Amino acid sequence: MRNILLIFLITVLPVQDETLEVYDYDGLEPLINQKDDKVHVVNFWATWCGPCIKELPYFEALNEKYRHEDVDVLLVSLDFPSKYETALKPYIKKHKLKSRVVALNDNDQNRWIPAIDESWSGALPATIIYKGDKRMFYEKSFTQEELEKEVKQFLK
Amino acid sequence: MKIFKLLSAMVLVLSLSAFTVVSEDKGYSIGDIATDFSLENIDGKMVSLSDYKDAKGFIVTFTCNTCPYAVAYEDRIEALNKKYASKGYPVIAIMPNNTKIKPGDNMEAMQERAKEKGFTFPYLMDKDQEIYPQYGATKTPHVYLLQKTKKGNVVKYIGAIDDNYQDATAVNQKYVENAVDALLKGEAIKVTETRAIGCSIKV
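As a convention, each chain's residues are numbered from 1 in the sequence order in which they are written. To read the labels, note that chains go from A and ligands from 1, taken in the order they are written. Local features in this predicted model are restricted to residues whose pLDDT is 70 or higher, and side-chain atom pairs enter the listing and the counts only when it is 80 or higher, whereas totals over whole chains, interfaces and linings include all residues. Only hydrogens and water are set aside when side-chain values are computed; all heavy atoms of the structure are taken into account.

**Focus on the packing of helix 3 (residues 50-65) of chain A against helix 6 (residues 144-155) of chain A**
How two helices sit against one another is set out by the angle between their axes and by the gap between those axes.
All names here are of chain A.
Argument step 1. For the pair helix 3 and helix 6, the least separation of the axes is 10 Å and the interaxial angle reads 45°. Considering their axes alone, helix 3 and helix 6 lie oblique with respect to each other. Helix 6 is crossed by helix 3, and the crossing has right-handed handedness. Residue-level contacts link Tyr58, Phe59, Ala61, Leu62 and Lys65 of helix 3 to Gln144, Leu147, Glu148 and Val151 of helix 6.
Argument step 2. The residue makeup of the contact of helix 3 with helix 6, split by class, is 6 nonpolar, 1 polar and 2 charged. Simply put, an axis is a line fit to the C-alpha atoms, just over the touching stretch for a helix, and the angle between two N-to-C directions goes from 0 to 180 degrees. Elements are defined by DSSP. Helices are runs of H or I of four residues or more, strands are runs of E of two residues or more, and each kind is numbered from the N terminus. Roughly parallel here means an angle under 35 degrees, roughly antiparallel means over 145, roughly perpendicular means 65 to 115, and every remaining angle is called oblique. Helix crossings get a hand from a simple test, with the near helix turned counterclockwise from the far one by less than a right angle marking a left-handed crossing and a clockwise turn marking a right-handed one. Throughout, a contact is declared for two residues whenever any of their heavy atoms are within 4.5 Å. Any residue outside Ala, Val, Leu, Ile, Met, Phe, Trp, Tyr, Cys, Pro, Asp, Glu, Lys and Arg is labelled polar, Gly included; the first ten of those are nonpolar and the last four are charged.

**Let's talk about the confidence of the model for chain A**
Argument step 1. Within chain A, residue pLDDT values average 91, and 89% of them lie at 70 or more.
Argument step 2. Each residue carries a pLDDT value, the predictor's own confidence for that position, ranging from 0 to 100. With pLDDT under 50 throughout, residues 12-16 of chain A is counted as low confidence; its partners more than four residues away or in other chains account for 4 contacts.

**Notes on the interface of chain A and chain B**
Argument step 1. On the side of chain B, 19 residues touch chain A, which itself brings 22 residues to the contact.
Argument step 2. By buried area we mean how much accessible surface two parts lose on assembly, using a 1.4 Å probe and totalling the loss over both. Of the roughly 1800 Å² buried between chain A and chain B on both sides combined, carbon and sulfur atoms contribute 53%.
Argument step 3. Looking at the side of chain A facing chain B, the largest losses of area belong to Trp48(A), Phe80(A) and Asn107(A), adding up to 33% of the total buried there.
Argument step 4. Whenever a carboxyl oxygen of Asp or Glu lies within 4 Å of a side-chain nitrogen of Lys or Arg, that contact is scored as a salt bridge. Here chain A and chain B share 1 salt bridge between them.
Argument step 5. Residues Arg195(B) and Glu118(A) are paired through a salt bridge, measuring 2.8 Å at the closest nitrogen-oxygen approach.
Argument step 6. We call two N or O atoms a polar contact when they sit within 3.5 Å, provided that within protein one can donate a hydrogen and the other can accept it, with sequence-adjacent residues counted only if both atoms are side-chain atoms. Inspection of the chain A/chain B interface yields 11 residue pairs in polar contact (both at pLDDT 80 or more).
Argument step 7. Of the residues forming the side of chain A that touches chain B, the biggest block, 5 residues, is contributed by helix 5 (residues 109-116) of chain A.
Argument step 8. Along the lines of polarity and charge, the residues of the side of chain A that touches chain B split into 12 nonpolar, 7 polar and 3 charged.

**Considering the packing of helix 2 (residues 68-84) of chain B against helix 5 (residues 175-185) of chain B**
Residues and elements named next belong to chain B.
Argument step 1. Where helix 2 meets helix 5, the closest approach of the two axes is 11 Å, and the angle between their N-to-C directions is 15°. On the basis of their axis angle, the class for helix 2 and helix 5 is roughly parallel. Between helix 2 and helix 5 the crossing geometry is right-handed. Contacts from Leu80, Lys83 and Tyr84 in helix 2 reach Val176, Glu177, Val180, Asp181 and Leu184 in helix 5.
Argument step 2. Tallied by class, residues from the contact of helix 2 with helix 5 come to 5 nonpolar, no polar and 3 charged.

**Brief notes about helix 6 of chain A**
An α-helical segment advances 3.6 residues per turn. Residues three or four places apart therefore align on the same side.
All names here are of chain A.
Argument step 1. The terminal C-alpha atoms of helix 6, which comprises 12 residues, lie 16 Å apart, in line with the 16 Å expected from a rise of 1.5 Å per residue.
Argument step 2. Working definition: with a 1.4 Å probe on protein chains only, accessible area under 20% of the residue-type maximum means buried, over 50% means exposed, and in between means partly exposed. Buried within helix 6 are the following residues: Leu147, Glu148, Glu150, Val151 and Phe154. Projected down its long axis, helix 6 shows its buried positions confined to an angular sector of 160°, all on one face. Opposite the buried face of helix 6, at more than 90 degrees from it, the exposed residues are Glu145 and Lys149.
Argument step 3. Elements in contact with the buried residues of helix 6: strand 2 (39-45), helix 3, strand 3 (71-77), strand 6 (126-131) and strand 7 (134-138). What a helix should span is 1.5 Å times the count of its residues minus one. Summarising the geometry, the arc corresponds to the directions from the helix axis toward the C-beta atoms.

**A short note on the pairing of strand 4 (residues 100-104) of chain A**
The side chains of a regular strand alternate, first on one face of the sheet and then on the other.
Residues and elements named next belong to chain A.
Argument step 1. Burial runs high along strand 4: 4 of the 5 residues are buried.
Argument step 2. Strand direction decides the pairing type here: strand 1 (residues 21-23) and strand 4, joined by 3 bridges, are parallel. Directly across from Val22, in strand 4, lies its bridge partner Ala103.
Argument step 3. In the sheet, strand 3 pairs with strand 4 via 4 bridges, with the strands oriented parallel. Among the inter-strand pairings, Leu74 is bridged to a residue of strand 4, identified as Arg100.
Argument step 4. The crossover handedness rule: strands pointing away from the viewer, path from first strand over the helix to second strand clockwise, crossover right-handed. In this region the chain leaves strand 3, passes through helix 4 (residues 84-94) and returns to the parallel neighbour strand 4; the handedness of that crossover is right-handed. The criterion for strand pairing is that DSSP finds at least two bridges linking the strands in question.

**A short note on the sheet that holds strand 4 of chain A**
All names here are of chain A.
Argument step 1. Pairing within the open sheet is mixed, and its 6 strands lie in the order 1-4-3-2-6-7. Edge strands, defined here as strands with exactly one partner in the open sheet, are strand 1 and strand 7. Mean inter-strand twist for the sheet, computed between neighbouring axes without regard to direction, equals 20°.
Argument step 2. Summarising the sheet, strand 2 and strand 6 pair through 5 bridges and their orientation is antiparallel. Note on strand 6: the bridge partner recorded for Phe44 is Ala126.

Spelled out as structure tokens, the structure:
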């Protein structure tokens, strides 16, 4: 019986050992309003969102290319909590995401969507780029060139 | 003086065109008159708001098969129609996505989904993608509650169905129901616009 349990634990544990940071809006708020000298790129996405998945490699590339120039990428997943284990964590693992990924789980969307940006209708994907007090919000998909162009404006 | 007049005219034209662009981009606000349409239903017939002679208004809902948020709300959209169609506010569902990008939203898939779920409301396709931009819908699901008046169908509420996409039993605020109830009682709607996460409409 013990052996069976051991085998069970060995098989199951590696899947569950990757912890996911999950926040409500109050927990996320400091992460998207950091007061430092870095350029912060915050992308709201979900594994079920086609255009998000398409542009995700561009954010990863940005994270890789500009990491020595103080550009910080944060990927905020809006996957349903019931999909964290079956979709989100496997996705992060499969695609070896290097950027920091957090999940936002807060049902009161009518409070936090306008708090993130007054113009946001709630459609995904959406992105914030900010540095200090300079802040831009984009309810759109990016090409790699467009994304780099926007970030470069903040690096000047 | 002539130059001044010419300049003022130019400024006027410019500012007017600027406003037109903005309003086209953003779609309807509360109080605007919503356009009617003629869109194909899953039964092959064309449906317009003007077909509903006895309606007091409409719960126009942009939704689709493929968006997890839209799927999470399917039963609640059906429940809205069951509750309010007989009271004069039927649900009119419109699928706005480009089906070349989302084949799971094509007419056959819509018919199948409606059959599986037993939808009692019309499920129309915005085939030319010309209606949703006029409304200003950006995502699914996205509700526009209209009230029929002599001037036309006036937009009375824009936004989410309720405040809990995850769990229909844990909803605190039924935004659409509250809005329709207020219209039925002739009262002012307390919350006229809400925001919720949804899938961007595929162009």
